[in-house]
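What the coordinates show
Residue strings, one per chain:
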Amino acid sequence: MTTNTSHEPPRAVAVFQLQVRKMGRILRPELIGLALILSPTAIMALGLLMRRNAVLDYPPELSLLLPAAAFLLPFRLWNREGLFERGDFQLMPVERRRHVLIRVCAGSVWALGLAGIVVLLFNLLALAAGSPTIGASAWLWLVPLGSVATAYLMGSALVLALRHPLRWSAGLILAFVLLSAFNLSAPLDPMIQVILQGDLGLERVLTGGASSTAWIVALLFWFGLGLIAVTLASLRHREG
């Protein structure tokens, strides 16, 4: 006599924890590289602190570098998962679209965690030197994390929506460069100006703008767009 046993699908929390650990293994080379960069930086900074009048300002370049890295992170995390192929990811005992969304959430832990470490390190060094930090107001310390979260969602949406996201991204960048080189982007300049420097522009998300209210409004707008984009892109991975 045979008995049919139904297996309960794994809980979302268990899948989330599994994906966080898996992504840690995937990112091991990057984690080692980051440690090799930050450790000598911290040692040299501490050496400078022993001197008088050391200047160790918080580097403003991080406001662009951190979101750029967060945007590229999903490309790395999903590189070998075969989202649009019949691979191991599709064979897992979890509904596919649900699994995709859980994995995006797991990746955000690494994006925000690593960004938080970098921001905290450089701020502490600047504070120790008595130099300008990311800002005197508490909300300014959250600005890099907000821009990182938004950029990560945008990158995740591209990876989930497109079969060849790197090719599309490279093609769009090349098209923009060519349009600018041949001075053909003039019709798009007003729209680009609004997107970058308008009241809800990306510049405000990256830098914080003049007030916390303006930053929060702009952040909610772009973060909301990122969530919508990820949600719509995940529909491509519903169970057939």
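This report concerns the structure included in the present document. The residue numbering used here restarts from 1 in each chain and proceeds along that chain's sequence as written. For a predicted model such as this one, the threshold for reporting local features is a pLDDT of at least 70, and the threshold for listing and counting side-chain atom pairs is 80 or more; totals across whole chains, interfaces and linings nevertheless cover every residue. Only hydrogens and water are set aside when side-chain values are computed; all heavy atoms of the structure are taken into account.

1. A short note on the overall build of the protein chain
Comment: elements are numbered from the N terminus, with helices defined as DSSP H or I runs of at least four residues and strands as E runs of at least two. A count of helical and extended segments in the protein chain gives ten helices and zero strands. Each helix (α) and strand (β) of the protein chain, taken in turn from the N terminus, gives the series α-α-α-α-α-α-α-α-α-α. Three exposure classes are used, based on accessible area relative to the maximum for each residue type with a 1.4 Å probe and protein chains only: buried under 20%, partly exposed in between, and exposed over 50%. Every one of the 240 residues in the protein chain was classed for burial, and the buried ones make up 35%. Taking all contacts inside the protein chain whose residues are at least 6 apart in sequence as the whole, residues at least 24 apart take part in 75%. Residues are treated as being in contact if the distance between any of their heavy atoms lies within 4.5 Å.

2. Some remarks on the side chain of Gln19
By secondary structure assignment, the location of Gln19 is in helix α1 (residues 12-26). With near-sequence residues (within four places) excluded, Gln19 lies in contact with His99, Arg103 and Ala106.

3. Some words on the packing of helix α3 (residues 62-77) against helix α5 (residues 96-129)
Each axis is a line fitted through C-alpha atoms, and for a helix only the stretch in contact is used; angles between axes span 0 to 180 degrees, taken between their N-to-C directions. Where α3 meets α5, the axes come as close as 10 Å, and the angle between the chain directions of the two elements is 150°. The angle between α3 and α5 falls in the class roughly antiparallel. Like other packed secondary-structure pairs, α3 and α5 cross with a definite hand, here right-handed. When α3 is examined against α5, the residues Leu62, Leu66, Leu73 and Leu77 are found in contact with a partner set consisting of Arg103, Gly107, Ala111, Ala115, Val118, Val119 and Phe122. What sets the label is the angle itself: under 35 degrees gives roughly parallel, over 145 gives roughly antiparallel, 65 to 115 gives roughly perpendicular, and the rest give oblique. For a crossing to be left-handed, the near helix must be turned anticlockwise from the far one by less than a right angle; the clockwise case is right-handed.

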